[in-house]
Amino acid sequence: MNGNEGPIASSAPMKYCNFVISGFSQNSCFSKNARDGCASPFIALRDKFLIHGVELNTPDLNVGKEVLFEIHIDVHARASVERPVFILLFETVAVALRNQHIDPNEYQAIFSWNDDQVRDKKYHKFHLPVERPNVPDIKGFAERNSLCCAISMNKSMRFPTDLELYSRRVETYLWFERNAPQDFDLYGMGWENPPARSGTLGKIVSKFNKILPIKFSAFKHCYKGKAETKTAVLGNYKFSICYENFRGLNGQITEKIFDCMFSGCVPIYWGAENIGEYIPDDCFIDRRDFKDDATLYKFLKSVDANKFNNYQQSIKTFLDSDSAKKFYKENFVDTVSSVILNHLSLQ
């Protein structure tokens, strides 16, 4: 089982499932060494199915085995028209174009974060899963000497769209670089190069920049290199720029805002249209409330210890609530496994 064994409830013959996800083979999507624990939800899902005598493997490890069903992370070609397939739609259609055309009749069940999709009976709502880390010492206002930061990769949309926030993210970073570099630090891969641009030309320029011996960063004052871990970095800042990759989508709430809250850092959020239905508005700063970055910066500078502590208390209350637990990996595992096991009569 490739070093990712979990508990098995019975001695019945093992059943197998193809776990299909782009770019992964040899069960690397279940690696415990994945950065910032990003594979943790999939590891927990695999362990859950093992209890019921089902082993989830990437297809290359199931060759020659009798595969009972498949789980696809986003749309992929079917290996067998007779084998049941369950699909989890993680990416937006702007990123995974194949997700745009889904025939519900091809799937036993469809899981989606999109609130507009789950009105259909064939769809099941799931929240993009996060794992709450153990952060024993949350620093307060006085212990956080730095005002604001951001952690992101230098990338852009291959095909531009009006809803993308990659470019708006860069606009905010550049505003700080030019106007308040003393109050902003940027972390992540690729920012030693100019900001990535969309389209075919942008892709060509990006490849060219990677091979240049001399780098031309737009963030000579603010860029601090790769983040050791998100928790280690965010724990030292009062605020963090926390924009999703897209705005205006109902229900698309990723780990970004949770990474901030877990570290006691107040998120400056822009993304899900209905974020207020899931996370109380006293837990974050809504970027939509400010006409420009200068106005946002003025507000950040005005936040005193009392107001900041109120944010942190609201965040703690939320993270301990049942509302937050909907996003935790345990709920993700229960939601997905119960539907699939019920369909297959394996409960």
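Here, every reference points to the structure presented above.
To start, this report covers the structure provided alongside it. This is a predicted model, so every value here is computed, not measured.

## Considering the overall build of the protein
Helix and strand counts for the protein come out as nine helices and 11 strands. Whereas a compact globule of 347 residues would reach a radius of gyration of roughly 20 Å, the protein reaches 22 Å, a difference of no more than 12%. Along the first, second and third principal axes, the C-alpha atoms of the protein reach 65 × 45 × 40 Å. Every one of the 347 residues in the protein was classed for burial, and the buried ones make up 49%. The contacts of the protein with a sequence gap of at least 6 include a subset with a gap of at least 24, amounting to 70%. For the protein, the computed accessible surface area is about 17300 Å², with 50% contributed by carbon and sulfur atoms. Computed over 43 positive and 42 negative side-chain charges, the inter-centroid distance for the protein is 4 Å.

## Points about helix H2 (residues 166-179)
A rise of 1.5 Å per residue sets the reference length of H2, with its 14 residues, at 20 Å; its end C-alpha atoms lie 20 Å apart and thus fit the reference within 8%. Along H2, the residues that are buried comprise Tyr166, Arg169, Val170, Thr172, Tyr173, Leu174, Trp175, Phe176 and Glu177.

## So, the side chain of asparagine 62
Mapped onto the secondary structure, asparagine 62 falls in the loop between strand E2 (54-57) and strand E3 (67-73). At 2.9 Å, the side chain of asparagine 62 forms a polar contact with the backbone oxygen of cysteine 17. Side chain to side chain, asparagine 62 and asparagine 57 meet in a polar contact 2.9 Å long. Ignoring sequence-local partners within four residues, the contact set of asparagine 62 consists of Tyr16, Cys17, Asn18, Asn57 and Val67.

## Observations regarding the pattern of salt bridges
Throughout the structure, instances matching the rule amount to 15 salt bridges. Measuring nitrogen to oxygen at the nearest pair gives 3.3 Å for the salt bridge that ties lysine 301 to aspartate 183. With lysine 301 in helix H6 (residues 293-302) and aspartate 183 in the loop between H2 and strand E8 (184-187), this residue pair connects regions lying 118 residues apart in the sequence. Note that arginine 288 and glutamate 273 form a salt bridge whose closest N and O atoms lie 4.0 Å from each other. Of this pair, arginine 288 sits in the loop between strand E11 (285-286) and H6 while glutamate 273 sits in the loop between strand E10 (266-270) and E11, and the two are 15 residues apart along the sequence. Connected through salt bridges with shared partners, the residues Arg132, Lys316 and Asp320 form a single ionic network.

## Here's the deal with the environment of histidine 72
With respect to the helices and strands, histidine 72 occurs in strand E3. Excluding residues that lie within four positions of it along the chain, histidine 72 makes contacts with Val20, Ala77, Arg78, Val85, Phe86, Ile87 and Leu88.

## Details of the sheet that holds strand E5 (residues 109-112)
Ordered in space as E2-E1-E3-E4-E5-E6, the six strands form an open sheet in which the pairing is parallel. Of all the strands in the sheet, the pair left with one neighbour each is E2 and strand E6 (123-125). Going from strand to strand, the sheet's axes swing by 20 degrees on average, the running direction of each strand aside. Inspection of the sheet shows strand E4 (residues 85-89) paired to E5 by four bridges, in the parallel sense.

## Remarks on helix H9 (residues 329-343)
With 15 residues, H9 should reach 21 Å at 1.5 Å per residue; the first-to-last C-alpha distance of 21 Å fits that figure. On its buried side, H9 packs onto helix H1 (40-51), E3, E4, E5 and E6. Of the residues flanking the end of H9, it is serine 345, one or two places downstream, whose phi is positive at about 60 degrees.

## Considering the environment of aspartate 292
Tracing the backbone shows aspartate 292 in the loop between E11 and H6. The class for aspartate 292 is partly exposed, based on a relative accessible area of 30%. Residues aspartate 292 and glycine 276, spaced 16 residues apart in sequence, show a C-alpha to C-alpha distance of 21 Å. Here alanine 294 takes part through its backbone nitrogen, which lies 3.3 Å from a polar atom of the side chain of aspartate 292.

Each value, and the rule that gives it
- Residues numbered from 1 in each chain as written.
- Predicted model: local features only at pLDDT ≥ 70, side-chain atom pairs only at ≥ 80, totals over all residues.
- Heavy atoms only, no water.
- Helix = DSSP H or I, 4+ residues; strand = E, 2+ residues; numbered from the N terminus.
- Rg over C-alpha atoms; globule rule 2.2 N^0.38 Å.
- Buried < 20%, exposed > 50% of the residue type's maximum accessible area, 1.4 Å probe, protein only.
- Contact = heavy atoms within 4.5 Å.
- Areas by Shrake-Rupley, 256 points an atom, 1.4 Å probe, with all protein chains shown as cover.
- Lys, Arg positive; Asp, Glu negative; His and termini not counted.
- Charge placed at Lys NZ, Arg CZ, Asp CG, Glu CD.
- Expected span 1.5 Å × (residues − 1).
- Polar contact = N/O pair within 3.5 Å; in protein donor to acceptor, adjacent residues only side chain to side chain.
- Salt bridge = Lys/Arg side-chain N within 4 Å of Asp/Glu carboxyl O.
- Pairing = 2+ DSSP bridges.
- Axes fitted to C-alpha atoms, helices over the stretch in contact; angles between N-to-C directions.

Just geometry here; none of it tells us what the structure is for.
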